[in-house]
Amino acid sequence: MSEIDIQCDEALVTLLLNADKGDIDLLIDYVTNTGKFGFSMSDSVKAVLLDAKLQDVPDDETLRLLVRELQHFGGNTFVNLFRRNGVSYSEIIDDVASHLKIKVPAAASVEEKEALIIDCVFSSSWQKMSDDERSQILRDMNISVSVSLDIPVWQKAALVANGLAQTTAGKVLPLIAGLGIGRVLGILTGPVGLAITGLYTAYDISTPAFRVTLPCVVQIAWIRLKNSRQFRLATQSSPATMPALTYDQRWGFGLDINQPALTVSTIPPSELISTEAMQEQDITGISRLSPLLQTLPSLATSAHVASHQYMEVIINGPLANVKDGPGFRGFSLGEKGIKEHAVLLNPDKLNQLVNAGMLLNVASAVLAQKHLADISKKLTEIVEAVREVSAFQNNARKSEIIGAIQYLQQITPVVLEGQCSLAIRQKLEDIEVQFSALQAHLLTDITAAGDKVSALKDRGLFGSTEITNKIHNQQKILDERIHEWDLAMKVRAQALHLLTHAEDDTTLVKHRQQTITHNYQQFESVIDKVERQIHQRIQGISALTEQSNTTNANKVLLRKWTTTKLVQQKMAIEEAHLSFEQFQQGLLAEQPQSARLLVEMQDGKPVKCFELPLV
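Being a predicted model, the structure only gives us computed values, none of them experimental. (Residues numbered from 1 in each chain as written. Predicted model: local features only at pLDDT ≥ 70, side-chain atom pairs only at ≥ 80, totals over all residues. Heavy atoms only, no water.)

**Let's talk about the overall build of the protein**
Thinking step 1. Tallying secondary structure elements over the protein gives 20 helices and eight strands in all.
Thinking step 2. Counting over 615 residues, the protein shows a buried share of 49%.
Thinking step 3. At a minimum sequence separation of 6, the contacts of the protein that also span at least 24 residues come to 74%.
Thinking step 4. Surface accessibility of the protein: about 30,100 Å² in total, with carbon and sulfur atoms responsible for 52%. (Helix = DSSP H or I, 4+ residues; strand = E, 2+ residues; numbered from the N terminus. Buried < 20%, exposed > 50% of the residue type's maximum accessible area, 1.4 Å probe, protein only. Contact = heavy atoms within 4.5 Å. Areas by Shrake-Rupley, 256 points an atom, 1.4 Å probe, with all protein chains shown as cover.)

**A few points about the pairing of strand 8 (residues 605-611)**
The two faces of the sheet receive side chains in turn, since in a regular strand these alternate between them.
Thinking step 1. Bridge count between strand 3 (residues 279-281) and strand 8: three bridges; the pairing is antiparallel. Bridge pairing links Gln281 to Cys609 in strand 8.
Thinking step 2. Connecting strand 7 (residues 595-602) to the antiparallel partner strand 8 that follows it, the hairpin turn spans two residues, and Asp603 within it adopts a positive phi of roughly 55°. (Pairing = 2+ DSSP bridges.)

**Points about the side chain of Glu600**
Thinking step 1. Here Glu600 shows up in strand 7.
Thinking step 2. At 4.8 Å, Lys608 is the nearest oppositely charged side chain to Glu600, a buried residue that forms no salt bridge.
Thinking step 3. What Glu600 contacts, discounting residues up to four positions off in sequence, is His308, Gln309, Tyr310, Lys605, Pro606, Val607, Lys608 and Phe610. (Lys, Arg positive; Asp, Glu negative; His and termini not counted. Salt bridge = Lys/Arg side-chain N within 4 Å of Asp/Glu carboxyl O.)

**With respect to the packing of aromatic side chains**
Thinking step 1. Under the definition given, this model contains two aromatic pairs.
Thinking step 2. Considering the side-chain rings of Trp485 and Tyr520, the 5.9 Å spacing of their centres and the 75° angle between planes classify their relative orientation as edge-to-face. With a gap of 35 residues between them, Trp485 in helix 18 (residues 465-503) and Tyr520 in helix 19 (residues 507-539) connect regions that are remote in the sequence. As far as burial versus exposure is concerned, Trp485 and Tyr520 are alike and both buried.
Thinking step 3. On the basis of an interplanar angle of 20° and a centroid distance of 4.3 Å, the ring pair of Trp485 and Phe523 is categorised as stacked. Placement of the pair is Trp485 in helix 18 and Phe523 in helix 19, with a sequence separation of 38 residues.
Thinking step 4. What makes Phe523 buried here is its relative accessible area of 3%. (Phe/Tyr/Trp six-rings, centres within 6.5 Å; stacked < 30°, edge-to-face > 60°.)

**Quick word on the pattern of salt bridges**
Thinking step 1. A full pass over the atoms with the stated rule returns 23 salt bridges.
Thinking step 2. With a shortest N-O distance of 2.6 Å, Asp23 and Lys226 are connected by a salt bridge. Here the residue Asp23 occupies a position in helix 2 (residues 21-32), and Lys226 occupies one in helix 11 (residues 210-226), the gap between them amounting to 203 residues.
Thinking step 3. For the salt bridge of Asp60 with Arg64, the shortest nitrogen-to-oxygen distance reads 2.7 Å. With Asp60 and Arg64 both in helix 4 (residues 60-72) and four residues apart, this pair spans about one turn of that helix.
Thinking step 4. The network of salt bridges with shared partners includes Asp445, Glu480, Arg481 and Glu484.

This is how it looks when you write it as structure tokens:
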């Protein structure tokens, strides 16, 4: 249970946990940018809230701090701002409605009160517009001019929330496609600003909290409406679908036409092909099929042979079980199966163009290309991860990791082509010895940092800042050590992948894989202990004379490292572990079988090759 008392507003926290990041950021701006109204906020609380804007997703405790700060702005007088616990969100809504002179039914729900407030502000804005502005807005929103205010509540809420965002915080509301209001925002911003200014000045200046609570209530109402089923149904768009490929001519080759080892199809020039999202293959991988691909279009006497076209090539496995014997037979395929035998190719010519050994070679090249792409991507990601650490304390260690990765990048294509020399083999061993020792040292540092946090003494009887800074310093050390451990493990994993490709399922490969798996498990055990140590020490922070929300903010700041950075690191390392196991098993078990390729032909010759998903 959280230590932050939010007056039973758990439902509000749940709502905000499901809100879009941009909408929460705007709410934080409303609460933290209050100095111009004469309000002061604890530096610790403000730091936590502003830091949340830099994170991908705000956590539960940060949102509780946000709700608690909002509660302090509730009520009718300055006295309420100094209440220890503020007032509930329900009371804040009642106060805003009271200021706006809204008659609220006694049994009205929070959602109904929010809707009344939005309608009131929208109506005030509507009255500030000229007849031409009103007509233009209704036309742009496809609403009949004769039914002037028949506008869905979520569109009113978006318009009002956006006007408040620009008027109060100088921001633009994050909108959703399909809402149908993008063109009218510029028209409405001015009238909303005038209406808001009028609403502020119409009431007693002794209640400046209204300048905070009104935008917050409208923003929360907008968040609530965006989470409603009616809103999702009104704004959802139909999913886009990719059209299926169409073919001019298709051929099958194999011993059994019901299970062809190879299928080749020409795609008409009129077919629009986008290859931007496809994985390009080295064209040399299918070089042995080039004579066949150049021959087939000339057999399509009923089709126009274009100077530029695409062909789909499907190699069906398991090819390793296809025995040499009688040559493949060729078939011309129609929509309902075999259309005719490819009699234009005599058996000897056909056997030269396509056979089991050739297909196995092509499929092996495609598989090697896939492995090359996967390993190269992993190596590039490691280099990028190293460079992202701007404050790498140990530059020698950084150079050590980058140097190893650059070497692995150099030798990967060579090893995948089956050319693993003794020198390369020895270097892979050196990398394992060097980085396993580095990992052991880093794990010792991680353990020591956890123990140091547990032993920290709190001498700040009247404040929690000193102990907070000490724990935070250890967290920064842990952050870097964990990151370095992860990088070192990834270097070892990639080296083992290359060793596996070179040696296959040897005893050394098996034992090394088991060692790496054990190291992952060992790390998980150590980091879980460190996490418990940090949590227990944070729980023990207290300060007799400090405001409770300031102490809570310092605790949230420290816990946020655990709930954001540490959790993200643990998840990333767990994903890396699973990825390592899956890729390693794939290297050991995967045999060249099936492949589906898109080949770009230029003047009868293959010039590019792309991998397609199997169907």
